[in-house]
Amino acid sequence: MKYAFYPGCVSKGGCPELYPSSVKVADKLNIEIEEMKDVACTGAGVLPQYLSDPINARTLAKAEKMGLPMMTICSTCQGVLAMANYRLTSDPDYRAKINREYLADEGLEYKGTTEVKHLLWVLFEDYGIDNLKPLIRKPLKGLRVSPFYGCFLRRPPEAITPTKESNARKSYLDQIIGIMGAELADISGKGKCCGFPILSANEENSLAMVAKHTGESKDNGANCMVTPCPLCHLNLDGNQQKAGAQAGKEIDLPILHLPQFVGMALGFSPDEMNVKRHIVSTSPVEKIVDMLT
Amino acid sequence: MQVTFKVYRKDPEKDGKPGRSNYTVDVPDGATVLESLFKIRDEMDSSLAFRCSCLRGHCGDCMVRVNGSSRLTCTAKVSAYTQKGPEISLDPLRNVPVIKDLVFDWDAFMWNKISTVKPWLEADDATANGESIAADAQMKDLRKVMSCYHCGMCDEGCTVLPVDFKFLGPAALTKAYRFVFDPRNQHAKEQLKTVEGPKGIWDCVHCYEADEHCPRGIEPTKRIVALRDEAFRVGINNEKVARHHKSFAASVKESGWLDEGRLAIESEGLTNVSGLMKLLPTAAKALVRGKAPLPYMHAKRPGAEQIKKIIEKGEAENK
Amino acid sequence: MQEFDVVVVGGGASGLRAAIAAKRDGASVALLSKSHPLRSNSAIAQGGINAPLGKDDSAENFANDIMAAGDGLCERAVVQSFVEDAAKEVFWLEHMGVPFNRDKDGRIDRRPFGSNSRNRSCYADDRTGHMVLTVLHEQFQRLGIPSFEEWFVTSLAVDGEACVGVTALGLKSGKLDAFAARAVILATGGFTRMYAPSTVSIGTTGDGQALAFQSGGHLMDMEMVQFHPTVFPKGQGLLITEAILASGAQIVNQQGAPVQIDKSSPRGKLSLAISGAAQNGDGSLFLDLKPIGKEKILSSFPQTNELVKSVAGLDSTKDLIPIRPVAHRPMGGIETTASGETAIAGLFAVGECAANGLNGAGRLAGNTLTESVVFGKKVGEAAAAYAKSSAKKNFPAAKLADEEKKLDALTSGNSAEDSLAKVHAELGRLMNEKVGLVRDAGGLQEALSGIKSLQQRHQKIKVRNGGRIYNYELTTHFEVASMLTLADVVARSAQARSESRGAHNRKDCPTTDNVNWKSHTITKLAQGSAQIDKKPVAN
């Protein structure tokens, strides 16, 4: 299994713990990744489509040239790329226009065959859970984990792709918690928005969302949360204390990236997964994991 | 078949406290939830209040939550909800003040918000020269957006409304789209500015819940995104958002990827001392943990030149 | 008490258009509607809105088609003024935002419909009514006209010979209030909820007609009730726009074989033909939309496809859809002049609740929406002019208190074993069987005695629920009363007209009698009972 690896911006910027932990986990699982180093940010839903579609078409064309499917480690990258891909593959005239006006200069042409998958989907659909299970060295007993998907890993429907996998994809994160040996502390907000996109425009609402979801998590007995999206992580972890202060309560809920979570079950130490970089202390999680044999 | 409906009750003329009434009714196999409600009201409890109008899925009036999910009662077949057992719960929509039983306040929920966007066309009145000429493709998109029958499902599923009821919401913002993108409309620019104000398009988290909820495939979230993109194109009428977007675009144009440190600072504004001061605690913590992306350490990517060319071309073509 | 120059009762297409016109002519206007305007019955009109826009068409052709469909009962002068203004009003709607389907030249496209001899039905998918209503509501909001939504009008206030306003119950507040006006426009829609089944929204109960009738207004041609030929008959029933017939759909039997029926007949003839040819036990033939082609169905009739799926559980691109003629809309209503004046000074009526002579014994398919806007404008302007020129009259001081007492009396005391629902259901059955598509003297007599006994039962029924906020039992009590009053008039008028003409078919008088019956039936209250006169057609 080989992928054109698209790490996105935040995994090397505001969440620098994500990139190395992803690479380590891929390596451990023998998932070959060839990093795409000369491609742009997806635009993250901030850049308008008339700018982000061309730069994403370029990224997709380059992966197509590499002859590899793409793998992402961020729900937002995944969603934006998948939505752009949907537009480019479902409308041949549109794709032809983008090719002609934006990609041809560089000698590129997107033919519409690239598939983009988040690591979470790769594990279930390409790797196979039955192949993953034997590699679990430390079932994460004692962790009670709430899932937090990130909107773009669940919506809109055409980005999740109208395939037989699309409904199952809405449960992968729930499932993987149990598969890694941890307990699921389900929350109704697991598919909702963390507030990150409006952090700049409306901080109050943004932080209210953080408090709401982490609060629900704690109320349901969780001792940590896992998310496949570093933008969610930035808000849920980075702004958790601020959110708590606004809501008038202490939250103190460690937020884990998906690869860190899986990595620890595979045997990496919390330290090796760079959890010490987080804003909200992960020591409760570290204590539990370090005690497991 | 025998079904027990557990219906939310609230009587403003008694104690106004929420409660629930259970009604067990015998309904024909093909019955709808609305027909069951009629049966309950006609035979068991004449005080039960619920709305309906067209009876056939045309008008959006009868929206309630059936077993927690919003549905039109007039097209909701009872048999679809009794797979797991003969009990069905009926509640008003979420995110909305309730007046009596299943009758909620549509004004506060939606009508008032739609009024805020000044929902009408300002166009040339004179009919002497017949109709304005328009390609059907343009009218087709408008027909899609205008097929909205104000059922409220998009607002009901919205992620923002539970934390901020004053947010205009997908229904009102989709209405704004309908006007901003109608070529006959003479006050499109003003309407766009109106929805760029507080509680408008910049408060949307574009989570696509609205698109998942809309029963008519109108894709409200995509319409809001289109308004945002249009605002970007003509110049964003919201200072902080404008700074944020400008910085993001500049980052990607210059280096190929996002410089978050720069973004945080430029969003506040380089001369916005109080805004910048607010960033300090988070920035300090991030620095200590080795998390802070330092602007002057942000390296240009290979391919940055090509990326820049593409963006510049895109900007030029969309002036 | 609230005071306005013009009060419009009814928030559908006609009411909104009238309110807009009156306001633009300088009157102070208020609209009262018992549901939100966007939930009005106008929203479910589908097929189209007629206007003589084509190069091959003319106002004269249009007029001829209307006269033909009206089967001798149309008033030519009214038809003339209607056809002259239709195009203008449709252009105005387009300018104000209705997203009509366009032809390849970018002009408003028109499709064939019913017995129109030219393609003149302008359309917006198969959601024309919804689109027109939406745009009218937008323009209504633009003018800032006070809108009293979910206010139920309980009575007309009449001072001497003139109407001076209404009393209404606000459902949200539970409060009764008086609305004084120099002119009142009734735009309350049709009355076919007195039939079961029917094609219409739950509020189409003839409230305006009953109010006018009981205050001295005249009702005209009430026996003329149009049945829609292609309605899926199960549950609440679903009207399938017969524009699909003109686009290629076939009427077939259970085996899928086409039945010999002229699809371009006027609705009355088509309904009779379908009803007559039915083989199925419960009176249904089937629609086969397959000849239209899947792509065209999805692009031209998306709502039909959507609702056939959700209401009937069928796929309109594959399955046969059972259909039957079902009671649809009246040609008859409050007798008015071309500008909406009734027999009561200061009381106007427009739209489905009115009969001004346009429709005669049969409405041309696609004319209803055009009527709403053409006459909505005329009547709004007429009411505004009347308000300007008339002296202010007094709203009767005791009226509101009297209404309060009436409401209290309705909600006190306990009810018999009977129920409003039972009375309504029996009325619906009775009307469908005895005053339906085909009538005869014996059946009509049975209908009249049946209606009388239902009225007696209704009088004894009390509203058990004593509250006023969203008390639908209370509003239903009023609505059933309206339907009973009007059902009596419909049956009586049907009994009086001893011929067959247009929508009125008498098995025992099967021919059209132009010697004795080229006349309208006019019903009024005289000494507490309905009295029917004939009014010869003017042209």
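Details of the structure are given in the entry above.
Residues numbered from 1 in each chain as written. Chains lettered and ligands numbered in written order. Predicted model: local features only at pLDDT ≥ 70, side-chain atom pairs only at ≥ 80, totals over all residues. Heavy atoms only, no water.

Description of the nonpolar core
Judged by nonpolar contacts, the single largest core of 252 residues is most densely connected at A:Leu140, A:Met180, A:Phe261, B:Phe5, B:Leu90 and C:Val6. Looking at this core, the element that brings in the most residues is helix H3 (residues 76–95) of chain C, giving ten residues. Excluding anything up to four places from it in sequence, B:Phe5 contacts B:Ser21, B:Asn22, B:Tyr23, B:Val25, B:Val33, B:Ser36, B:Ile40, B:Val78, B:Ile88 and B:Leu90. (Core = buried A, V, L, I, M, F, W, Y, C linked by side-chain atoms within 4.5 Å. Buried < 20%, exposed > 50% of the residue type's maximum accessible area, 1.4 Å probe, protein only. Helix = DSSP H or I, 4+ residues; strand = E, 2+ residues; numbered from the N terminus. Contact = heavy atoms within 4.5 Å.)

Topic: the sheet that holds strand S11 (residues 225–232) of chain C
Residues and elements named next belong to chain C. Taken together, the five strands give an open sheet; going across it, the order is S12-S11-S15-S14-S13, and neighbouring strands pair in antiparallel fashion. Only two strands of the sheet have a single partner each, and these edge strands are strand S12 (238–239) and strand S13 (250–252). Pairing of strand S14 (residues 285–288) with strand S15 (residues 321–330), which is carried by three bridges, proceeds in the antiparallel orientation. Paired with Leu287 across the strands is Ile321, a residue of S15. Docked against the sheet, helix H7 (residues 267–277) engages S11, S13, S14 and S15, running at close to 55° with respect to S11. (Pairing = 2+ DSSP bridges. Axes fitted to C-alpha atoms, helices over the stretch in contact; angles between N-to-C directions.)

Notes on the arrangement of the chains
Of all two pairs of chains that touch, the greatest number of contacts is found between chains B and C. A gap remains between chain A and chain C, with no contact made and the closest C-alpha atoms lying 18 Å from each other.

What to know about the packing of aromatic side chains
Applying the stated criterion to the full structure yields 19 aromatic pairs over all chains. Pairing C:Trp151 with C:Phe179 gives two aromatic rings, centres 5.4 Å apart and planes at 85°, and the pair type is edge-to-face. Residue C:Trp151 is found in strand S7 (residues 151–159), and its partner C:Phe179 is found in strand S9 (residues 176–186); the two are separated by 28 residues along the sequence. By relative accessible area, C:Trp151 is classed as buried at 16%. Through a chain of ring-to-ring contacts, three or more aromatic side chains come together here, namely B:Phe104, B:Trp106, B:Phe109 and B:Trp111. Over the ring of B:Phe50 we find B:Arg41; its NZ or CZ atom is 4.2 Å from the centre of that ring. If you follow C:Arg111 out to its NZ or CZ, it ends over the ring of C:Tyr123, 4.0 Å from the centre. (Phe/Tyr/Trp six-rings, centres within 6.5 Å; stacked < 30°, edge-to-face > 60°. Lys NZ or Arg CZ within 6 Å of the ring centre and 35° of its normal.)

Some thoughts on the packing of helix H5 (residues 169–180) of chain B against helix H6 (residues 188–195) of chain B
Residues and elements named next belong to chain B. Packing of H5 against H6 brings their axes to within 9 Å, and their N-to-C directions diverge by 160°. Put simply, H5 runs roughly antiparallel to H6. At the point where H5 passes H6, the crossing takes the left-handed sense. Contacts between H5 and H6 involve Leu173, Ala176, Phe179 and Val180 from the first element and Ala188, Gln191, Leu192 and Val195 from the second. For the contact of H5 with H6, the class distribution of residues is seven nonpolar, one polar and no charged. (Parallel < 35°, antiparallel > 145°, perpendicular 65-115°, else oblique. Left-handed = near helix turned anticlockwise from the far one by under 90°. Nonpolar A, V, L, I, M, F, W, Y, C, P; charged D, E, K, R; others polar.)

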